[in-house]
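# A closer look at the structure
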Amino acid sequence: MLSDTDWSAIRLTFELASVTTLLLLVIGTPIAWWLARTRSAWKGAIGAVVALPIVLPPTVIGFYLLVAMGPNGPVGQLTQSLGLGVLPFTFAGLVVASVFYSLPFVVQPIQNAFEAIGERPLEVAATLRASPFDTFYSVVLPLARPGYLTATVLGFAHTVGEFGVVLMIGGNIPDKTRVVSVQIYDHVEAMEYAQAHWLAAGMVAFSFVVLLVLYTLNPTGRRK
Amino acid sequence: MKTRLSPLFASLLVLGLATPLRAAEVQVAVAANFTAPMQKIAADFEKATGHQAKLAFGATGKFYAQIRNGAPFEMLLAADDETPAKLEKEGLAVSGSRFTYSIGQLALWSAKPGYVDARGAVLKQGAFNHLAIANPKLAPYGAAAVESLTRLGLLGSVEGKFVQGENIAQTYQFVSTGNAELGFVALSQIVENGKLKRGSAWIVPSSLHSPIRQDAVVLTLGKDNPAAAALVRFLKSDAARAVIKSYGYAL
């Protein structure tokens with residue numbers, strides 16, 4: 001069955017996915033709002049940057065993050081001058097990488113939900129003298145709830161399923177950067193197929209349940 | 001009436017007959033640490049025999065799993081001597097075709113010049129944040145690194161600073177990008193023509209760990225492939241051995 005190191009990898013994976021999802025909801029909301037509302041010429045470019053992780057192989061992201069966050073890279077120079085050291089091989093580094101990697105999976109559903117609301121409810125709220133914050137809190141957020149649910153589930157699940165990026169910047173350190181996907185890879189490489197099966201089958205079951213919950217609570221036909 | 005051959009056709013025919021064997025291809029799985037020398041050897045091999053060696057580089061453990069599951073490799077140049085033996089025992093390799101093509105040398109390396117001293121005392125001082133090693137569970141060079149550290153009595157003090165690469169190529173990458181100040185890599189990755197390419201290094205004495213014997217084996221699929229047999233002969237030739245040595249392998 002599952003060993004202590006397997007459990008520690010599972011715990012770490014859920015910690016990483018939770019922190020990442022929370023950060024993404026905070027960071028993703030203004031980005032999604034801007035993308036949904038703006039008429040700026042930059043909309044296309046920013047939207048494309050947000051969507052990049054969908055099409056880029058994780059190895060590309062991992063490699064560039066390793067170089068950029070390393071002691072000689074621009075991000076690494078910045079973190080060092082702030083006294084934070086360098087990010088690769090740390091939990092914080094994995095969080096930064098995961099936020100970037102899962103960004104489109106959170107921004108896009110929220111953006112779609114914002115766009116679906118349209119101008120009308122906002123105008124009505126404005127005529128009722130609601131402040132922008134009030135409008136956002138009492139009108140936009142409730143209307144965008146299905147988008148937020150999708151974003152939360154996909155952001156979390158996608159981070160749990162991350163492998164290539166973590167492999168390249170994690171360094172496989174127990175309790176710090178050794179997540180479930182890396183642990184499975186190690187088991188397979190070491191020909192410990194029985195242990196690999198326990199974890200791998202667990203991942204399949206987990207992913208299925210998560211998506212099942214999402215599609216049951218949020219059937220696409222009812223989204224509008 | 002006799003048909004006359006055109007001169008061009010005749011010369012082509014003669015050329016064709018002059019080549020003793022028809023040029024063939026052999027699919028070779030090569031351990032990551034042997035990448036650089038094997039690229040050179042494959043080019044020389046093609047020049048000398050007309051056969052082509054198609055190379056795939058990666059971790060020996062992964063190749064083992066792939067071969068067991070029907071990967072189309074005809075030859076394996078492993079990073080250890082256990083995997084080829086296991087494949088032979090399992091009937092996936094041609095029995096009696098195993099031979100040692102190189103003996104790996106372990107090096108402690110930093111991308112920074114002057115960081116690693118000629119005796120490896122830098123390990124004892126411990127003034128670093130990350131020490132990269134290949135996963136000792138998967139990679140022979142990683143296992144040799146752990147064995148050497150154990151002999152030196154330093155394992156306990158540096159273990160907390162380990163960052164692990166899945167194979168020796170990734171370990172090299174961690175050190176080469178400066179993310180780990182130093183790490184245990186294969187000497188073959190950092191020398192060319194007997195010279196250190198960059199940074200600073202200590203060649204770990206082979207007395208500190210059991211020899212990293214790297215064996216090659218012909219796989220069942222390559223049994224009747226003349227190119228596989230030719231590559232085995234070529235790897236054992238003086239020319240190939242000279243190349244292997246120039247990349248920092250003992251032999």
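Residues numbered from 1 in each chain as written. Chains lettered and ligands numbered in written order. Predicted model: local features only at pLDDT ≥ 70, side-chain atom pairs only at ≥ 80, totals over all residues.

### Thoughts on the overall build of chain A
- Of the regular secondary structure elements, chain A holds 11 helices and zero strands.
- Along chain A, helices and strands appear, N-terminal first, in the series α-α-α-α-α-α-α-α-α-α-α.
- Each principal axis of the C-alpha distribution contributes one length, and for chain A these read about 65 × 45 × 25 Å.
- When the 224 residues of chain A are sorted by exposure, 34% land in the buried category. (Helix = DSSP H or I, 4+ residues; strand = E, 2+ residues; numbered from the N terminus. Buried ≥ 20, exposed ≤ 12 C-beta atoms within 10 Å, placed from the backbone.)

### Some details on the overall build of chain B
- In terms of helices and strands, chain B carries 11 helices and 12 strands.
- Overall, the C-alpha framework of chain B stretches about 90 × 40 × 30 Å when taken along its three principal axes.
- The buried share of chain B, taken over its 251 residues, is 47%.
- Considering only intrachain contacts with a sequence separation of at least 6, the fraction spanning at least 24 residues in chain B is 79%. (Contact = placed C-beta atoms within 7 Å.)

### Topic: the confidence of the model for chain B
All names here are of chain B.
- Mean pLDDT over chain B works out to 90, with 91% of the residues at or above the 70 mark.
- Per-residue pLDDT stays below 50 along residues 16-20; that stretch engages in one contact with residues further than four places along the chain or on separate chains.
- Across the assembled chains, the prediction reports ipTM 0.78 with pTM 0.81. (pLDDT = per-residue confidence, 0-100.)

### A few points about the interface of chain A and chain B
- Contact with chain A, which involves 17 residues of that partner, is made by 15 residues of chain B.
- Of all the elements in the fold, those that place two or more residues in the side of chain A that touches chain B are α3 (58-69) and α10 (180-189) of chain A.
- Looking at the side of chain A that touches chain B element by element, the count peaks at three residues for α10 of chain A.

### Description of the sheet that holds strand β11 (residues 200-203) of chain B
Residues and elements named next belong to chain B.
- Spatially, the five strands line up as an open sheet ordered β7-β6-β8-β5-β11, and their pairing is mixed. The open sheet terminates on both sides in strands that have one partner only, identified here as β7 (162-165) and β11. Recorded for the sheet is a direction-independent mean angle of 30° between the axes of neighbouring strands.
- By the bridge criterion, two bridges tie strand β6 (residues 131-134) to strand β8 (residues 182-186) in an arrangement that is parallel. The residue of β8 that forms the bridge with Leu 131 is Leu 182.
- Across the sheet, helix α8 (residues 168-176) touches β5 (106-110), β6, β7 and β8, and the angle it forms with β8 is around 145°. (Pairing = 2+ DSSP bridges. Axes fitted to C-alpha atoms, helices over the stretch in contact; angles between N-to-C directions.)

### Some words on the environment of Ala 97 of chain A
Residue and element names in this part refer to chain A.
- Looking at where Ala 97 falls in the secondary structure, it is placed in helix α5 (residues 91-117).
- A residue is classified by how many C-beta atoms lie within 10 Å of it, and Ala 97, with 27 of them, is buried.
- Between the C-alpha atom of Ala 97 and that of Leu 128, which follows or precedes it by 31 residues, the distance is 43 Å.
- In this view, Ala 97 contacts Leu 65, Val 165 and Ile 169; residues no more than four positions away in its chain are not counted.

### Examining the sheet that holds strand β2 (residues 52-58) of chain B
All names here are of chain B.
- Pairing is mixed in the open sheet, where five strands are placed in the order β2-β1-β3-β12-β4. Looking at the sheet topology across the chains shown, the edges are occupied by β2 and β4 (99-104). Averaged over all pairs of adjacent strands, the angle between their axes in this sheet comes to 20°, without regard to strand direction.
- Strand contacts of helix α2 (residues 35-49): β1 (25-31), β2 and β3 (75-77), with the helix running at about 170° to β2, the strand carrying the most contacts.

### A closer look at the domain arrangement of chain B
Residues and elements named next belong to chain B.
- Under the domain assignment, chain B is made up of domain 1 (24-103 + 212-246) and domain 2 (106-203).
- If you average the C-alpha positions of domain 1 and of domain 2, the two centres end up 26 Å apart.
- Across the side of domain 1 that touches domain 2, the residue classes break down as seven nonpolar, three polar and one charged. (Domains from an automatic or database assignment. Nonpolar A, V, L, I, M, F, W, Y, C, P; charged D, E, K, R; others polar.)

### A closer look at the nonpolar core
- Grouped together as the largest cluster of nonpolar side chains are 78 residues, with contacts concentrated most on Met 75, Leu 76, Leu 77, Ala 107, Leu 108, Tyr 141 and Leu 219 of chain B.
- A total of six residues in this core trace back to one element, the largest contributor, which is helix α10 (residues 226-235) of chain B.
- Here this core spans two domains, since at least three of its residues come from each of domain 1 (24-103 + 212-246) and domain 2 (106-203) of chain B.
- The contacts of Leu 219 of chain B, once residues within four sequence positions are left out, are Ile 67, Phe 73, Glu 74, Met 75, Leu 76, Leu 87, Leu 92 and Ala 93 of chain B.
- By size, the runner-up hydrophobic cluster in this structure holds 41 residues, among which are Ala 32, Val 86, Val 179 and Val 182 of chain A. (Core = buried A, V, L, I, M, F, W, Y, C linked by C-beta atoms within 7 Å.)

### Considerations on the packing of helix α1 (residues 4-37) of chain A against α5 of chain A
Residues and elements named next belong to chain A.
- Contact geometry of α1 with α5 gives a least axis separation of 7 Å together with a crossing angle of 45°. Regarding the angle of α1 to α5, the classification is oblique. Our pair here, α1 against α5, has a crossing hand that is right-handed. (Parallel < 35°, antiparallel > 145°, perpendicular 65-115°, else oblique. Left-handed = near helix turned anticlockwise from the far one by under 90°.)

### Let's talk about helix α2 (residues 43-55) of chain A
- For α2 of chain A, spanning 13 residues, the distance from its first C-alpha to its last is 19 Å, which sits close to the expected 18 Å at 1.5 Å a residue.
- Helix geometry: α2 of chain A is bent most strongly at Val 49 of chain A, by close to 35°, with proline Pro 53 of chain A lying one to four residues after it. (Expected span 1.5 Å × (residues − 1). Bend = angle between axes of the 7 residues up to and from the residue.)

### Overview of the packing of α1 of chain A against helix α8 (residues 145-160) of chain A
Residue and element names in this part refer to chain A.
- Interaxial distance between α1 and α8 falls to 9 Å at its minimum, and their mutual angle equals 140°. As summarised for this structure, α1 and α8 are arranged oblique, according to the angle between their axes. In the crossing of α1 with α8, the sense of the turn from one axis to the other is right-handed. Of the residues in α8, those in contact with Thr 13, Leu 16, Ala 17, Thr 20, Thr 21, Leu 24, Leu 25 and Gly 28 of α1 are Ala 151, Thr 152, Gly 155, Phe 156, Thr 159 and Val 160.
- Residue composition of the contact of α1 with α8, by class: seven nonpolar, seven polar and no charged.

### Considering the pairing of β2 of chain B
- Here seven bridges tie β1 of chain B to β2 of chain B, and the two strands are oriented parallel to one another. Residue pairing for β2 of chain B: Val 30 of chain B is matched across the bridge by Phe 57 of chain B.

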